[in-house]
Amino acid sequence: MDRDGEIQQEKDEIQNEKQGNDKDDDVDEEARAASQHIRISFRLAPEFEEDATLVVPSEAIAIPSHLTRKGLSTVLNHLLGRDSEPDEEEEEGDDKRSAATLPSLQFDFLVGPNSRRLLRTTLDKEVRQAGLSLEQALKVTYFPSCPAPSPTEDEGPELPDWISALKTVTVASEGDSSSSLLVSACYDGSLHILHPASNSKSNNQQLKPLASTSKAHAGPIKCMDAFATLDSTSDEASASTIWMATGSMDHTVALHSFHLTESETEKALECRAMAQHAASVSSVKFWPHPKTREGEGDGNGAGMELRLASGDWDGGVFVWRFNPWDFDNNNGNGDRGDDGGGPSSKKLKASSTSKGARQSNPQPQRLTPTISLQAHNSKVSGLAFFGDGKGGDGRDDERLVTCSWDYSIKVWNMERQDCLLSLNSSRVVGCLDTSPHSPGICVTGHPDCSLRLWDVRVGDDNNNNNNNNTSGDGGASSILVSDNVFRPSHKAWISHVQWSCRDPYQIYSCSHDGTLKVWDIRSATPLHTVRVLPSNNNDDNQNDKLFSLATMETDTIFTGGTTCVVKQFQMKTTHLVSSS
């Protein structure tokens, strides 16, 4: 072997030895990581403490630091005596064991005493990122994970055109109970009310048509909101009226009503009033807290006042005020005097029969706005009210949030008609919703496939007030805006976002990509993604799109879009099976 060959051989041996040492170092690092343990103390989230089947001892235990959420769930199921995924032989032969063992559950975890972020990495990495101390046992809060929405076999009837908007309303029924109805608006200008009726063949609810109108507008309906009032002047104790506001590309806002106590032959949607915009109407929203006008009212609701906001493509926002009884009674309540906002002098001549009697086929009245704002420079894509409207201490709590394609989100004081806050987004704002659990916390959807959270509470007085709010079901304090930005997850324009009416941390979104996603504001990624409409990977322009979603308090989610059919999904809550 010549001198050059010996030198090359020596270099190869040195290189091989170095690579071997590196491999040994990697193995040692993996072994050290696997051998490291962290002392933790499990704590059940307060909202689940009443369920004794979920409680584990609070004594500290040592677990491997490389465990993820799935590994921690396995540890918890073992401590709870719940069955992990059994082998096939056990499934076939060990009937006695399966009958006495509770099913396993998936859990979510908050690491640290004041964590606002769900565990989505390994335990040791989460500790390093949060800067937590390991001198004492690490407190880990746990609770059952939210299950994925499951599609039901029952679908609603095929509607005449694309579904542009959906809204659920809760109405009074027999006794002290209540029921929900689904209102849908279509691109052909039609409006429909669907009733979720029980299906004898399944445990799901089948949507059945209850009422409809073929031509609520001359153009496509682009937005819709609905609100139910208790008809306390009716002879029937459980009578309710559903008020629906629709906005169309024909530049009009229409107000419709549906009376639930009328006979089958009289059940129809009535267009009660019309209002004009200078451009296509892009958003409408009812004020959720009816107010009683000062000095009016007879104890039966006649002095109640509803408020409605509408926005158009030119950035204009109108606020309308009206009394529902103005449309039915001839007692002069329709004239609002200098304030305007109620029906104009061209009002109906109601029959002089019993109070609350309604004319057949009444002609729509004309509404005039009480407030007119040039709020934005482009399309107003979303509206939301927040505050209790009661004021107090010289402060008015009635505020309106608007968002637009001009990249801005604004908060308006309705009493003074001025802008209290203006926030700029990095993208066009396509849709908006506010949290019913913590007023002033908003979520927006954008064309860049992202969701964003905003805190639009203005003033120290208001902030202090909100910090004392409760979340409702869980009794937790006012939710906080997440420090993390949601990662883009949808593949197309986000068309609708809605906060959960039950869970203060949960948000639903749908998109032109045909998917429905469930989010938790404590996680940057969605909890679940459900493919609602089939995808055509070859041409995105040929894919069916979702335009709207709506939720019921029965944990049902409805979606609608270009398929002209309402699809429903069930958010099955965690049913805990007791060993007894």
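Remember, predicted model here, so these are calculated numbers, not experimental data.

*Asks:* Would you mind going over empty space enclosed by the protein with me for this structure?
*Replies:* With a probe scaled to a water molecule rolled over the atoms, the places where space remains empty come into view. According to the stated counting rule, one finds two cavities of 30 Å³ or more in the structure shown. Every residue along the wall of the second largest cavity is listed here: V253, A254, L255, A273, M274, A275, L308 and L367. Secondary-structure elements contributing two or more residues to the lining of the second largest cavity are β14 (252–259) and β15 (270–276). When grouped by side-chain class, the residues that make up the lining of the second largest cavity number eight nonpolar, no polar and no charged.

*Asks:* Can you walk me through the packing of aromatic side chains in this structure?
*Replies:* The geometry of an aromatic ring pair is captured by two quantities: the separation of the ring centres and the angle between the planes. Summed over the entire model, instances satisfying the criterion amount to 13 aromatic pairs. Ring geometry for W162 and F547: centres 5.8 Å apart, planes at 50°, overall tilted. Highlighted residues: W162 in the loop between β7 (150–151) and β8 (163–172) and F547 in strand β33 (residues 546–552), separated in sequence by 385 residues. Take W162: its relative accessible area is 38%, and that puts it in the partly exposed class. A centroid spacing of 6.1 Å and a plane angle of 45° characterise the contact between F227 and F286, whose relative ring orientation is tilted. Highlighted residues: F227 in strand β12 (residues 221–230) and F286 in strand β16 (residues 281–286), separated in sequence by 59 residues. In this structure, F227 and F286 share a single accessibility class: buried.

*Asks:* I'm lost on the sheet that holds strand β5 (residues 107–111) in this one. Help?
*Replies:* Each strand in a sheet pairs with another by means of backbone hydrogen bonds, the pair being arranged parallel or else antiparallel. Pairing within the open sheet is mixed, and its four strands lie in the order β2-β1-β6-β5. In the strand order of this sheet, the two ends are held by β2 (61–64) and β5, each with one partner. The sheet shows a mean angle of 45° between the axes of neighbouring strands, taken without regard to direction. Relative to β2, strand β1 (residues 37–44) is paired through four bridges, and the arrangement is antiparallel.

*Asks:* What is the right way to read the confidence of the model for the protein from this model?
*Replies:* Interpretation of the predicted coordinates at a detailed level should be avoided for regions scoring low in pLDDT. Residues with a pLDDT of 70 or more make up 67% of the protein, whose mean pLDDT is 78. Ranking the elements of the protein by mean pLDDT puts helix α6 (residues 460–466) last, at 41, and β16 first, at 96. Here residues 86–99 scores under 50 on pLDDT; set against residues more than four positions off or in separate chains, the count is four contacts.

*Asks:* Would you explain the nonpolar core in this entry?
*Replies:* Grouped burial of nonpolar side chains is what soluble globular proteins tend to show. By size, the foremost hydrophobic cluster in this structure holds 21 residues, and its most contacted members are I40, F42, L72, F107, F109 and Y142. In terms of residues, this core owes the most to one element, β1, which gives four residues. With near-sequence residues (within four places) excluded, F107 lies in contact with L54, R69, S73, L76, N77, L80, Y142, F143, P144 and S145. In this structure, L110, C510, L516 and V530 belong to the second largest nonpolar core, which totals 18 residues.

Rules used in this analysis
- Residues numbered from 1 in each chain as written.
- Predicted model: local features only at pLDDT ≥ 70, side-chain atom pairs only at ≥ 80, totals over all residues.
- Heavy atoms only, no water.
- 1 Å grid on protein atoms, 1.4 Å probe; cavity = no way out; pocket = protein on both sides within 12 Å on 5 of 7 lines; lining within 4 Å.
- Points joined across faces, edges and corners; volume = space filled by probe spheres on them.
- Helix = DSSP H or I, 4+ residues; strand = E, 2+ residues; numbered from the N terminus.
- Nonpolar A, V, L, I, M, F, W, Y, C, P; charged D, E, K, R; others polar.
- Phe/Tyr/Trp six-rings, centres within 6.5 Å; stacked < 30°, edge-to-face > 60°.
- Buried < 20%, exposed > 50% of the residue type's maximum accessible area, 1.4 Å probe, protein only.
- Pairing = 2+ DSSP bridges.
- Axes fitted to C-alpha atoms, helices over the stretch in contact; angles between N-to-C directions.
- pLDDT = per-residue confidence, 0-100.
- Contact = heavy atoms within 4.5 Å.
- Core = buried A, V, L, I, M, F, W, Y, C linked by side-chain atoms within 4.5 Å.

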